[in-house]
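Breakdown of the fold
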Amino acid sequence: MSITIYVPGDSGALALGADKVAKAVASEAEARGLDIRVVRNGSRGLYWLEPMVEVETGEGRLAYGPVKARDVAGLFEAGFCDGPTDHALSLGDPEEIAFLKRQTRLTFARCGIVDPLSLADYRAHGGFRGLEKALSMSPAEIVAEVTESGLRGRGGAGFPTGVKWKTVLETEADQKYIVCNGDEGDSGTFADRMILEGDPFVLIEGMIISGLAVGATKGYIYMRSEYPHAIDMTEKAIEIARAADILGPSVLMSGHSFDLEVRVGAGAYVCGEETALLESLEGKRGVVRAKPPLPAHKGLFGKPTVINNLISLASVPVILDKGGAFYKDFGLGRSRGTIPIQIAGNVKYGGLFEDGFGLTLGQIVEDIGGGTASGRPVKAVQVGGPLGAYFPPELFDTEFDYEAFTARGGLIGHAGIVVFDDTVDMLDQARFAFEFCAIESCGKCTPCRIGAVRGVELADRLKAGVDPENQIEIIRDLCDTMHLGSLCALGGFTPYPVLSALNHFPDDFRREPRREAAE
Amino acid sequence: MPATADDIMIDKVRAIVDAHRDLEGPLLPILHAVQAEYGFVPREVQPAIADALNISRAEIHGVVSFYHDFRDAPAGRHIVRVCRSEACQSMGGEAVAERLLARLGLDWHQTSADGAVTVEPVYCLGLCACSPAATVDGDVYGRLDDETIAEIVEEVRL
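Residues numbered from 1 in each chain as written. Chains lettered and ligands numbered in written order. Predicted model: local features only at pLDDT ≥ 70, side-chain atom pairs only at ≥ 80, totals over all residues. Heavy atoms only, no water.

Thoughts on the overall build of chain A
Short version of the rule: Starting at the N terminus, helices and strands are each numbered in turn, a helix being any DSSP run of H or I of at least four residues and a strand any DSSP run of E of at least two. Radius of gyration: over C-alpha atoms. The globule rule applied is 2.2 Å multiplied by the number of residues raised to the 0.38 power. Note on classification: 1.4 Å probe, protein chains only; a residue is buried when its accessible area is under 20% of the maximum for its type, exposed when over 50%, partly exposed between these limits. In this description, contact between two residues means that some pair of their heavy atoms is separated by no more than 4.5 Å. Think of it this way: Lys and Arg go in the positive column, Asp and Glu in the negative one, and His and the chain ends go nowhere. Throughout, a charge is located at the NZ atom of Lys, the CZ atom of Arg, the CG atom of Asp or the CD atom of Glu.
Scanning chain A from terminus to terminus reveals 21 helices and 16 strands. For 519 residues, the compact-globule formula gives about 24 Å, and the C-alpha radius of gyration of chain A, at 24 Å, lands near that figure. The C-alpha extent of chain A, read off along each of the three principal axes, is 80 × 60 × 40 Å. Here chain A, with 519 residues, has 62% of them falling under the buried criterion. Sequence-distant contacts in chain A: of pairs separated by 6 or more residues, those separated by 24 or more amount to 71%. Side-chain charges in chain A split into 52 positive and 72 negative, and the spacing between the mean points of these groups amounts to 4 Å.

Structure, rendered in structure tokens:
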């Protein structure tokens, strides 16, 4: 019988040499005359251990990592195909690794475990149970189940998914659309990418259920051009689902029609904003639309449209399978269910950690993330991408919850966390926030288009030590204008990183005047 | 009259447009396909796309110029994209990028004189737990250090 060896095909693992490892595994097995099957699974999200190789043995799956191509011969030599070994890279049963064991994996239940493009694997691990249940329910019942779960938008806005669906369901039209916002542009986030590369069928299932719920027959997955591997996997998964009559004119022989198409953006961060995304899908400049009308009433091509974050849609199958009440049981306050937290940047144990809402920021950074990778003290943690606030260690008691972060002048966004050690200059980070906004502004509204440019100039003057108190006053005033006057979150939330840096790290903003060269 | 190089290019672009005509909102897929064919979106073909989709040339120009991905001139044979976002900054990405640029003798957005390589900034590759990160012609590199930089420089000089 052949031995199954898993070598992740996830981009993060590829960036650390997984393809070379897979090649080495295949050639080493051939040289030894061993009958093996290499599966390119997704990542389990333990990136400090990637590439993490797993072997199916008589005693279950056993992991080794981080494996380099040059380690492969030694693994075979140690007999890693036969059972537990005392090889230096041995991690034992991956499920027992503390980082993984502590998690509650609902959305990411299969990611890193299954062959991402195997429907048999998907079904064997609970796939399509949610869809099968949904096919026996009325649209209103599906919407009620999602509403009951308390699921809120995982892109960051936190709008209740059930309410959005209900609006689209109740809007009459000859055509409705489901749009998946997979434009994961926030630095520190990679959850969407991991799902697309590690368990793409869960998104397809979630989107079909959404289509059944609101009466839509067509869905679009809008993805970033920066994610070529994820695009490739998603397109393959759609083909496979179509060939198996999971997508197409009669979903699982139910008579309900639903089909999907991948659309690729072209390097514009602002297209992660839902109305800019719809413009882009229509083939236009990714310029933000004024609301109302809401996309639920007039969305893609003017038709009622469900536009949800990828993680929201990928969480729907488990909600339908196990029930809204089950999902709602996790979390706290008005933040129900689980959230895939992405721990990134200067951190010892970087990766994806899915758990119920409610962990404190300190638990995430110190206990789970293990502090900085550099070993230096943590100075700041940016939560929620380039539009999220910087938190100092003094605020590490903040609970991971939509409302708790809002109360402290921040946001959870797409749940990415970037850790910085004490070498970071917070004025530089504030300047970058303005600079990024200037690069990515769609240009429609003045506070964002002009304000971001003025912000960079102010930061430069501060850096030169020119009249700091005056510049700081102008920055505060500018942030006020941008926050209240911008059309969307790009201009509106750029003040979060800027003001949090300024408020929590005031010393970084007050420089000694730069000496003149003539002096 | 023999067909000019422009005529041939325009015929090819018309075929690309035809292949995408049945899509809803076909412009971005068409522009991606044109860029995949030529490495950029030539100005000469934009009127043909406008005609075929019954939209104005200004609209095409507006879309091409809006998105960072679409080029109006060919890039080098290799394209190196280095992430400049926060997660990569936190791991010394800016300093690593400076060293890479110095070794290539280029600044951001520049192409080497021999046409071998173009270096561009990118804002997040989703490799934030293995930063700093970069791509070379789509191949991903994580935890950039001097060794990986040397590897990249070697690769793009071919």
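Details of the overall build of chain B
Formally: Here the accessible surface of atoms and residues is derived via Shrake-Rupley with a 1.4 Å probe, and residues count as covered only by protein chains that are part of the display.
The secondary structure content of chain B amounts to seven helices and four strands. Seen in sequence order, chain B has helices and strands lined up from the N terminus as α-α-α-α-β-α-α-β-β-β-α. Each principal axis of the C-alpha distribution contributes one length, and for chain B these read about 55 × 35 × 25 Å. Across the 158 residues that make up chain B, the buried fraction comes to 54%. Long-range pairs, those at least 24 residues apart, make up 59% of the contacts in chain B between residues at least 6 apart in sequence. Counting only carbon and sulfur atoms, one obtains 51% of the accessible surface of chain B, whose full area is about 7300 Å². Here chain B carries 13 positive and 26 negative side-chain charges, and the mean point of each set is 2 Å from the other.

Re the pattern of salt bridges
When the charged atoms of two side chains lie near each other, side chains of opposite charge can form a pair. All names here are of chain A. Defined as follows: Every case where a carboxyl oxygen of Asp or Glu lies within 4 Å of a side-chain nitrogen of Lys or Arg is listed as a salt bridge.
Evaluation of the coordinates by the stated rule reveals 46 salt bridges over all chains. Asp425 is the salt-bridge partner of Lys463, the closest N and O atoms lying 3.7 Å from each other. Taken together, the residues Lys463 in helix 18 (residues 446–463) and Asp425 in the loop between strand 16 (416–421) and helix 17 (426–440) connect sequence positions 38 residues apart. A relative accessible area of 19% places Asp425 in the buried class. With a shortest N-O distance of 2.6 Å, Asp460 and Arg431 are connected by a salt bridge. Of this pair, Asp460 sits in helix 18 while Arg431 sits in helix 17, and the two are 29 residues apart along the sequence. For Arg431, a relative accessible area of 24% gives the class partly exposed. Bridged by salt links that share partners, the residues Arg44, Glu54, Arg61 and Glu95 form one connected network.

With respect to the packing of helix 2 (residues 27–38) of chain B against helix 4 (residues 57–66) of chain B
All names here are of chain B. Basically, it comes down to this: To get an axis, fit a line to the C-alpha atoms, keeping to the stretch in contact for a helix; angles then go from 0 to 180 degrees between the N-to-C directions. Orientation labels follow simple angle bins: below 35 degrees gives roughly parallel, above 145 gives roughly antiparallel, 65 to 115 gives roughly perpendicular, and whatever is left gives oblique. Rotating anticlockwise by less than a right angle from the far helix to the near helix defines a left-handed crossing, while the corresponding clockwise rotation defines a right-handed one. Under the grouping applied here, Gly and all other residues not named as nonpolar or charged are polar, the nonpolar ones being Ala, Val, Leu, Ile, Met, Phe, Trp, Tyr, Cys and Pro and the charged ones Asp, Glu, Lys and Arg.
At a minimum axis separation of 11 Å, helix 2 and helix 4 run at an interaxial angle of 70 degrees. Classified by the angle their axes make, helix 2 and helix 4 are roughly perpendicular. In this structure, helix 2 crosses over helix 4, and the sense of that crossing is right-handed. Across the interface between the two elements, Leu27, Leu28 and Leu31 of helix 2 pack against Ile60, Val63 and Val64 of helix 4. Looking at the contact of helix 2 with helix 4 residue by residue, the classes come out as six nonpolar, no polar and no charged.

Some remarks on the pairing of strand 2 (residues 117–122) of chain B
Residues and elements named next belong to chain B. Test applied: Pairing between strands requires that DSSP locate at least two bridges from one strand to the other.
For strand 2, a buried count of six out of six residues is recorded, marking the element as mostly surrounded by other parts of the structure. Neither face of strand 2 is left uncovered, since the one carrying Val117, Val119 and Pro121 and the one carrying Thr118, Glu120 and Val122 both have all their residues buried. Inspection of the sheet shows strand 1 (residues 78–83) paired to strand 2 by six bridges, in the parallel sense. Following the sheet pairing, Cys83 is matched in strand 2 by Val122.

Re the sheet that holds strand 7 (residues 218–223) of chain A
Residue and element names in this part refer to chain A. Strand order in this open sheet of four strands is 8-7-6-9, and the pairing throughout is parallel. The sheet is open, and its two borders are formed by strand 8 (259–264) and strand 9 (305–309), each paired with just one other strand. When the angles between neighbouring strand axes are averaged without regard to direction, this sheet yields 20 degrees. Inspection of the sheet shows strand 7 paired to strand 8 by six bridges, in the parallel sense. The residue bridging Tyr220 from the neighbouring strand is Glu261, located in strand 8. This element, helix 10 (residues 200–214), spans strand 6 (177–182), strand 7, strand 8 and strand 9 of the sheet and lies at about 145 degrees to strand 6. On the sheet, helix 11 (residues 228–243) packs against strand 7 and strand 8 and is oriented at approximately 165 degrees with respect to strand 8.

Some thoughts on the side chain of Asp199(A)
All names here are of chain A. Going by this rule: N or O atoms within 3.5 Å of each other form a polar contact, as long as, within protein, one can give a hydrogen and the other can take it, and as long as residues adjacent in sequence are counted only when both atoms are side-chain atoms.
Within the fold, Asp199 resides in the loop between helix 9 (191–198) and helix 10. Of note is the side chain of Asp199, whose polar atom sits 3.0 Å from the side chain of Arg110. Once residues within four sequence positions are removed from consideration, Asp199 is found in contact with Arg110, Cys111, Val114, Pro116, Tyr122 and Met194.

Looking at the environment of Asp321(A)
Residues and elements named next belong to chain A. Looking at where Asp321 falls in the secondary structure, it is placed in helix 13 (residues 310–322). Among the residues examined, Asp321 registers a relative accessible area of 15% and is labelled buried. In sequence terms Asp321 and Phe391 are 70 residues apart; their C-alpha atoms lie 37 Å from each other.

A word on the sheet that holds strand 12 (residues 338–345) of chain A
Residue and element names in this part refer to chain A. Taken together, the five strands give an open sheet; going across it, the order is 13-12-16-14-15, and neighbouring strands pair in mixed fashion. Every other strand in the sheet has two partners, leaving strand 13 (351–356) and strand 15 (390–391) as the edge strands with one partner each. Two strands pair when backbone bridges link them, and strand 12 and strand 16 are joined in this way by four bridges, in the parallel orientation. The residue of strand 16 that forms the bridge with Ile343 is Ile417.

Things to note about the interface of chain B and chain A
Rule in force here: What gets called buried area is simply the loss in accessible area from a 1.4 Å probe that two parts show on being joined, summed for both.
Chain B puts 39 residues into the contact, and the matching count from chain A is 61 residues. A buried area of about 3600 Å², summed over both sides, lies between chain B and chain A, and 57% of it is on carbon and sulfur atoms. On inspection of chain B and its partner chain A, the count reaches one salt bridge. Across the contact surface, chain B and chain A share 26 residue pairs in polar contact (both at pLDDT 80 or more). Of all elements in the fold, only helix 2, helix 4, helix 5 (86–89) and strand 4 (139–141) of chain B reach the threshold of two or more residues within the side of chain B that touches chain A.

What to know about the confidence of the model for chain B
Residue and element names in this part refer to chain B. Under the convention used in this document: Values of pLDDT, ranging from 0 to 100, describe the predictor's confidence in every residue of the model.
When the pLDDT values of chain B are averaged, the result is 95; 99% of them are 70 or greater. For chain B, per-element mean pLDDT is lowest for helix 1 (residues 5–20), which scores 92, and highest for helix 5, which scores 98. Taken over the whole predicted complex, pTM reads 0.97, whereas the ipTM for its chain interfaces reads 0.96.

Some words on helix 7 (residues 146–156) of chain B
All names here are of chain B. Filter applied, for reference: In this description, the arc belongs to the directions extending from the helix axis to the C-beta atoms.
Residues of helix 7 that are buried include every one of Thr148, Ile149, Ile152, Val153 and Val156, and no others. Buried residues of helix 7 fall within an arc of 140 degrees about the axis and therefore sit on the same side. Pointing more than 90 degrees away from the buried face of helix 7 are the exposed residues Glu147 and Glu154. Residues of helix 7 that are buried sit in contact with strand 1, helix 6 (93–104), strand 2, strand 3 (134–136) and strand 4. Its side-chain oxygen placed 3.1 Å from the backbone nitrogen of Glu147, Asp145 serves as the N-cap of helix 7.

Brief notes about the packing of aromatic side chains
Residue and element names in this part refer to chain A. The condition that has to hold: Paired rings are identified among Phe, Tyr and Trp, the last through its six-membered ring, by centres lying within 6.5 Å, and are further divided according to the angle between planes into stacked (under 30 degrees), edge-to-face (over 60) and tilted (the rest). Charges are assigned to positions over rings by a cutoff of 6 Å between ring centre and Lys NZ or Arg CZ, combined with an angular limit of 35 degrees from the ring normal.
One pass over the full model with this rule turns up 22 aromatic pairs over all chains. The interplanar angle of 85 degrees and the centroid separation of 5.5 Å between the aromatic rings of Tyr47 and Phe190 together place this pair among those described as edge-to-face. A residue pair is termed long-range when its members are at least 10 positions apart, and Tyr47 in the loop between strand 2 (36–39) and strand 3 (53–57) and Phe190 in the loop between strand 6 and helix 9 qualify at 143 residues. With respect to class, Tyr47 is no different from Phe190; both count as buried. With centroids separated by 4.8 Å and ring planes inclined at 55 degrees, the aromatic side chains of Trp48 and Tyr349 adopt a geometry described as tilted. Of the two residues, Trp48 is situated in the loop between strand 2 and strand 3 and Tyr349 in the loop between strand 12 and strand 13; the sequence distance between them amounts to 301 residues. An aromatic cluster of at least three residues, connected via ring pairs, comprises Trp48, Phe99, Tyr349 and Phe353. Lying over the aromatic face of Tyr402, Arg152 brings its terminal NZ or CZ to 4.3 Å of the ring centre. The ring of Tyr227 is capped by Arg224, whose NZ or CZ atom sits 5.0 Å from the centre of that ring.

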